[in-house]
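In case you want the letters, here they are:
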Amino acid sequence: MATEQENLEQLVNRRYEHGFVTDIATESLPPGLDEGVIRAISARKNEPEFMLEWRLRAYRQWLDMKEPEWAHVHYPPIDFQDISYFAAPKSDEDRPKSLDEVDPKLLETYDKLGIPLHERARLAGVAVDAVFDSVSVATTFKEKLSEAGVIFCSFSEAVREHPELVRKYLGSVVPQRDNFYAALNSAVFSDGSFVYVPKGVRCPMELSTYFRINAANTGQFERTLIVADEGSYVSYLEGCTAPMRDENQLHAAVVELVALGDAEIKYSTVQNWYPGDEEGKGGIYNFVTKRGDCRGANSKISWTQVETGSAITWKYPSCILRGDNSVGEFYSVAVTNNYQQADTGTKMIHIGKNTSSTIVSKGISAGRAQQAYRGLVRVMPQAQGARNHTQCDSLLIGKECGAHTFPYMEIKNPGAKVEHEATTSKISANQLFYCRQRGISEEDAVNLIVNGFCKEVFKELPMEFAVEAQALLSVSLEGAVG
Amino acid sequence: MLQIKDIHATIGGSEILRGLSLDVAAGEVHAIMGPNGSGKSTLAQVVAGHSDYEVTAGSVTYRDIDLLDLEPEERAREGIFLGFQYPVEIPGVNNAVLLRSALNAKRKHQGLDEIDAFEFLKLAKEKMAMLGMDPKFLNRGVNEGFSGGEKKRNEILQMAMLEPSLAILDETDSGLDIDALRAVAEGVNALRSPDRAIVLVTHYQRLLDYVEPDHVHVLSEGRIVRSGDKTLALELEDKGYDWVREAANG
Ligand SMILES: Nc1ncnc2c1ncn2[C@@H]1O[C@H](COP(=O)(O)OP(=O)(O)O)[C@@H](O)[C@H]1O
Ligand SMILES: [Mg+2]
């Protein structure tokens, strides 16, 4: 054990001496986690000293933290020493050369989702230069943004090019020791996105991970930081509807949003991690910490998400309503099918005066899936005039699935107005027969009912995303009935 | 158009239809009457293809097709329409969306293009005016919070839009006030044509005052025990179902 440890350190140091940038960029680290590994990650990414120190601080805190056990999900214990914390991007030789070499089942799904042809190759991991050159698209995109003064780049690039911004805001919303997975992410995060919108600027386009140049391999410990300076606006789209397969089972991302005075951030996610097969084997464990801080007065943060993937999902996009009159919103559709488990929800923390929050959660369970909604509304004593409205609906398809709702309210200001409504409904055999008697196939009937159930959330999504989300739902629920 | 030959059908293991035969030709209106529980709705559901019912013997032929081989949606696209006795509510699904999906499913089956939004709205509003329905019903959830009468009108609206070849209306007249009854009758009469057939399941002579049937049948304990012309309905109204039962047993 000790010698192995020494070997690794030697290896790391030697590589460092020889200049890692080009040389070792294609190699992964062996499984295991200790300070040496963190130093190696930081060195390979050519990070400034402050970043390494930050990672190490997080690592030391993580060491004495415990995995949360209270989530309503079950999975075998994760061996954190059995994970490789630096996976280099696949070399072009290992990738399929063209779409002909890609799993036809995957292509069939792309087709059903209506994903444009030129996108399919990239999503399927085909070596990019073999198919099409995205650089021109990305370049016009970058020019437009820099004209407006918006910074949109990979997290690694931000650490190198804008260290003062990263230093100021990183960890300011999700502190390192916030929770077990956030601490782990802080120590070992691979890459992600960084956005800064300057004062008074309305970002001229939706920012999407689709167009991110370095999107290829953000890895299992993604880190995103979005800062909207005073009076600015930005809409950010995360993820895509294509099914994402990944050899890494554990994913623990952190997303931090900061909205200063009068600023607004709209963050939309359509997420479709591989959920595992019909027996529940092989899916992704997705443990994510997403939090927005309405730091200034009159700021607004809005989370909209449509999720269908993951074997296990554990996530609570939250808003801290610090500024007076700030607004937090959470609109969510979560679909669980087969053996998927999801424990999701949101937290709205009212601190400022006249803060308001809206929660609309739509959960759909089919097959043997179990889904839990966990929502916390906390109103602090100083939050005069705080208001919350929560609407939490579950739709069950079939007899063996379940939905559970756990609303938590901590109201420390007697003047607060907090409303909670919850419903559970089922797609009944009679509803389906009624539709079929009108000539509509069973599958289309389920889609009609599901889309009707979700429309309040879909209308919050940017238009094209909404269309994709609908297609995604219908693919996810294929064969759910009958 | 529709030939039902000696069918037996069960639900939950008990036999409800016990050797029922019925012949409906194009252009005809048939009325089916009979006491509660005699199997009228069962007959309608079996023709529509509800999977809770098992046909254990006999045959159902529709325009030379073996109907029992088809899925419910295929039967619908072939032109069979069932007006439900208890139309189900589908909260959240827009009435217009359901109507348009149904119409397009049928058009696709016929090799036609989808109807465009403008045409669809025009058609729907025209039919709603005929039935005395407020156009705002288009934007409500399917049958969601509708009164009994509104649900029945909505069934007739769907029928009017889909223009089926064979319409079976299961007690569409029950629980209607006189205005609603007239509206329903108007919808049915508008559909009448030499190449269509209509089967009215009803308890009352009332509807038949507005829609004149060519044939009247009395169902009892899963069989047709008597058939006749429209005077049979009047006679029934007069003498009640006991009279039929006695006649059947005696
Ligand atoms: N799920 C069921 N299991 C057993 N019997 C049923 C079921 N549903 C209906 N029935 C019975 O079938 C018979 C016929 O019902 P129905 O066709 O609805 O009669 P009608 O429409 O003439 O009033 C009734 O006696 C009813 O109780
Ligand atoms: Mg009945």
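Residues numbered from 1 in each chain as written. Chains lettered and ligands numbered in written order. Predicted model: local features only at pLDDT ≥ 70, side-chain atom pairs only at ≥ 80, totals over all residues. Heavy atoms only, no water.

A closer look at the coordination of the magnesium ion (ligand 2)
All names here are of chain B. In plain terms, the rule: Sites may look incomplete because water is not among the atoms; the donors themselves are N, O and S atoms within 2.8 Å of the metal, or within 3.2 Å for Na, K and Ca. For helices the rule is a DSSP run of H or I covering at least 4 residues; for strands it is a run of E covering at least 2, with both sets numbered from the N terminus onward. The buried label goes to any residue with under 20% of its type's maximum accessible area, the exposed label to any with over 50%, and the partly exposed label to all in between, with areas taken from a 1.4 Å probe on protein chains only.
With distances of 2.0 to 2.2 Å, the protein atoms coordinating the magnesium ion (ligand 2) are S41 (OG) and Q85 (OE1). With a gap of 44 residues between them, S41 in helix α1 (residues 40-48) and Q85 in the loop between β6 (80-83) and β7 (90-94) connect regions that are remote in the sequence. For S41, a relative accessible area of 23% gives the class partly exposed. For Q85, a relative accessible area of 17% corresponds to the buried category.

What to know about helix α12 (residues 442-458) of chain A
Residue and element names in this part refer to chain A. Selection rule: To estimate how far a helix should reach, multiply one less than its number of residues by 1.5 Å.
The first and last C-alpha atoms of α12 sit 22 Å apart over 17 residues, in line with the 24 Å expected at 1.5 Å per residue. Of all 17 residues making up α12, 12 are buried, and the element is well covered by its neighbours. All buried positions along α12 are accounted for by A445, V446, N447, L448, I449, V450, N451, G452, F453, C454, V457 and F458.

Looking at the interface of chain B and chain A
Which entries qualify depends on this criterion: Only heavy atoms enter the contact rule, under which two residues are in contact if any of them lie within 4.5 Å. Buried area: the sum, over both parts, of the accessible surface (1.4 Å probe) that disappears when the two are put together. Salt-bridge detection follows one rule: a side-chain nitrogen of Lys or Arg within 4 Å of a carboxyl oxygen of Asp or Glu.
Each partner contributes residues to the interface: chain B has 31 residues there, and chain A has 16 residues. Roughly 1,900 Å² of surface becomes buried between chain B and chain A when both sides are summed, with 63% attributable to carbon and sulfur atoms. Sorting the residues of chain B by area buried against chain A places E73, F84 and V88 of chain B first, and these three jointly supply 24% of that buried surface. Taken together, chain B and chain A are joined by three salt bridges. When the shortest N-O distance is used, the salt bridge between R436 of chain A and E73 of chain B registers 2.7 Å. Contributing elements (two or more residues each) for the side of chain B that touches chain A: α1, α2 (72-77), β6, β7, α3 (95-109) and α5 (148-162) of chain B.

What about the side chain of Q437 of chain A?
Formally: Whenever two N or O atoms come within 3.5 Å, that pair is a polar contact, provided that in protein one can donate a hydrogen and the other can accept it, and provided that, for residues adjacent in sequence, both atoms are side-chain atoms.
Tracing the sequence through the fold places Q437 of chain A in helix α11 (residues 429-437). Among the residues examined, Q437 of chain A registers a relative accessible area of 1% and is labelled buried. A polar contact is formed between the side chain of Q437 of chain A and the backbone nitrogen of L82 of chain B, at a distance of 3.0 Å. Excluding residues that lie within four positions of it along the chain, Q437 of chain A makes contacts with A48, A76, I80, F81, L82 and F84 of chain B.

Some remarks on unusual backbone geometry
Most of the time, phi is negative for any residue but glycine, and the peptide bond is trans. At N325 of chain A, a position not held by glycine, the phi torsion is positive, near 60 degrees. With respect to the helices and strands, N325 of chain A occurs in the loop between β12 (318-321) and β13 (327-336).

A word on the site of ligand 1
All names here are of chain B. The line we're drawing: Being near a molecule or strand, for a residue, comes down to having at least one heavy atom within 4 Å of it. Surface exposure here means Shrake-Rupley accessible area, sampled with a 1.4 Å probe, where a residue is shielded only by the protein chains that are shown.
The immediate surroundings of ligand 1 are formed by I11, S14, I16, P35, N36, G37, S38, G39, K40, S41 and T42. Residue K40 places a main-chain N or O atom 2.9 Å away from an oxygen atom belonging to ligand 1. Expressed as a share of its isolated accessible area of 570 Å², the protein-covered part of ligand 1 is 59%. Put simply, the parts of the chain that give the shell around ligand 1 at least two residues each are β2 (14-24) and α1.

Some remarks on the packing of α3 of chain B against helix α4 (residues 117-130) of chain B
Residue and element names in this part refer to chain B. Selection rule: Axis geometry follows a simple rule: fit a line to the C-alpha atoms, using only the stretch in contact for helices, then measure angles between N-to-C directions, giving values from 0 to 180 degrees. Here the word oblique covers every angle except those under 35 degrees (roughly parallel), over 145 (roughly antiparallel) and from 65 to 115 (roughly perpendicular).
For the pair α3 and α4, interaxial distance at closest approach is 11 Å and the crossing angle is 110 degrees. When the axes of α3 and α4 are compared, the pair comes out roughly perpendicular. Residues A96, L99, R100 and L103 of α3 form the contact with α4, whose own contacting residues are A117, F120 and L123.

Brief notes about the packing of aromatic side chains
Put simply, the test is: Geometry of aromatic contacts follows a simple scheme: Phe, Tyr and Trp rings, the Trp one being its six-membered ring, pair when their centres are within 6.5 Å, and the pair is stacked under 30 degrees between planes, edge-to-face over 60, tilted otherwise. Criterion for a charge above a ring: Arg CZ or Lys NZ at most 6 Å from the ring centre, at most 35 degrees from the ring normal.
Using the criterion set out here, one finds 17 aromatic pairs over all chains in the structure. A ring pair is formed by Y85 of chain A and F221 of chain A, whose centres lie 5.6 Å apart and whose planes are at 15 degrees; its orientation type is stacked. Taken together, the residues Y85 of chain A in the loop between α3 (49-63) and α4 (104-113) and F221 of chain A in the loop between β3 (207-208) and β4 (223-228) connect sequence positions 136 residues apart. Looking at Y85 of chain A, the relative accessible area reads 4%, which means it is buried. Relative to F146 of chain B, the ring of F137 of chain B lies with its centre 5.0 Å away and its plane at 75 degrees, an arrangement referred to as edge-to-face. The buried category is assigned to F137 of chain B, whose relative accessible area is 8%. On the accessibility criterion, F146 of chain B (5% relative accessible area) is buried. Positioned over the ring face of F189 of chain A is R55 of chain A, at 4.0 Å from the centre of the ring.

Notes on the packing of α11 of chain A against α12 of chain A
All names here are of chain A. We count it as follows: By the definition used in this description, the sense in which the near helix is turned from the far one sets the handedness, with an anticlockwise turn below a right angle giving left-handed and a clockwise turn giving right-handed. Each residue receives one of three labels: charged for Asp, Glu, Lys and Arg, nonpolar for Ala, Val, Leu, Ile, Met, Phe, Trp, Tyr, Cys and Pro, and polar for the others, Gly being one of them.
One can describe the packing of α11 onto α12 by two numbers: an axis separation of 9 Å at closest approach and a directional angle of 120 degrees. Judged by the twist between their axes, the crossing of α11 over α12 is right-handed. Facing Q431, L432, C435 and R436 of α11, the residues of α12 in contact are E442, A445, V446 and I449. Taken together, the residues that form the contact of α11 with α12 break down as five nonpolar, one polar and two charged.

Let's talk about the nonpolar core
Note the following rule: The definition of a nonpolar core used throughout is a set of buried Ala, Val, Leu, Ile, Met, Phe, Trp, Tyr and Cys residues joined through side-chain atoms within 4.5 Å.
Grouped together as the largest cluster of nonpolar side chains are 111 residues, with contacts concentrated most on V333, I364, V450 and L473 of chain A together with I4, L166 and L200 of chain B. The biggest single contributor to this core is α12 of chain A, with nine residues. For L166 of chain B, the residues in contact, after removing those within four places along its chain, are M1, L2, Y62, G79, I80, F81, A197 and V199 of chain B. V150, V197, V201 and A386 of chain A belong to the second largest nonpolar core, which has 35 residues in total.

Digging into empty space enclosed by the protein
All names here are of chain A. Formally: Two kinds of site are reported from a 1 Å grid over the protein atoms alone, namely cavities, where a 1.4 Å probe fits but cannot get out, and pockets, open sets with protein on both sides within 12 Å along at least five of seven lines, and residues are called lining when an atom falls within 4 Å of a point. Grid points are joined across faces, edges and corners, and a volume is the space filled by probe spheres set on the points.
For the structure on display, the rule yields seven cavities of 30 Å³ or more. Counted as a void, the largest cavity has a volume near 110 Å³. Every residue lining the largest cavity is counted, 17 residues in all, and those nearest its centre are S361, G363, Q371, A372 and Y373. Put simply, the parts of the chain that give the lining of the largest cavity at least two residues each are β13, β14 (341-350), β15 (356-366), β16 (370-379), β17 (387-397) and β18 (402-411).

Some points on the confidence of the model for chain A
Residues and elements named next belong to chain A. Counted only if it meets this: A score between 0 and 100, pLDDT records how confident the predictor is in each residue.
Residue-level pLDDT values for chain A average 80, and 75% of them are 70 or greater. Helix α6 (residues 128-131) is the least confidently modelled element of chain A, averaging 34 in pLDDT, while β12 averages 98, the highest of any element. Considering only residues more than four positions removed or in separate chains, one finds that residues 127-137, a stretch of pLDDT under 50, has 11 contacts. Low pLDDT, under 50, characterises residues 210-218; the predicted model gives this stretch 28 contacts beyond four residues in sequence or across chains.

Looking at the sheet that holds strand β10 (residues 197-201) of chain B
Two orientations exist for strands paired in a sheet by backbone hydrogen bonds: parallel and antiparallel. All names here are of chain B. Stated precisely, the cut-off is as follows: One bridge is not enough; two strands pair if DSSP finds at least two bridges between them.
Across the sheet, six strands lie side by side as β6-β9-β10-β3-β11-β12; this open sheet has mixed pairing. Two strands in the sheet have a free side with no partner beyond their single neighbour: β6 and β12 (223-228). Mean inter-strand twist for the sheet, computed between neighbouring axes without regard to direction, equals 20 degrees. Here strand β3 (residues 29-33) pairs with β10 via four bridges, running parallel. The residue bridging V29 from the neighbouring strand is I198, located in β10.

Details of the pattern of salt bridges
A side chain of one charge can pair with a side chain of the opposite charge when the charged atoms of the two come close. Under the criterion given, the structure shown has 28 salt bridges over all chains. Among the ionic pairs, E238 of chain A bridges to K290 of chain A, the shortest N-O distance being 2.8 Å. Taken together, the residues span a long stretch of sequence, with E238 of chain A in strand β5 (residues 233-238) and K290 of chain A in strand β9 (residues 285-294) at a distance of 52 residues. Across the pair D134 of chain B and K136 of chain B runs a salt bridge whose closest N-O atoms are separated by 3.4 Å. Here the residues in one salt-bridge network are R436 and E442 of chain A together with E71 and E73 of chain B, joined through shared partners.

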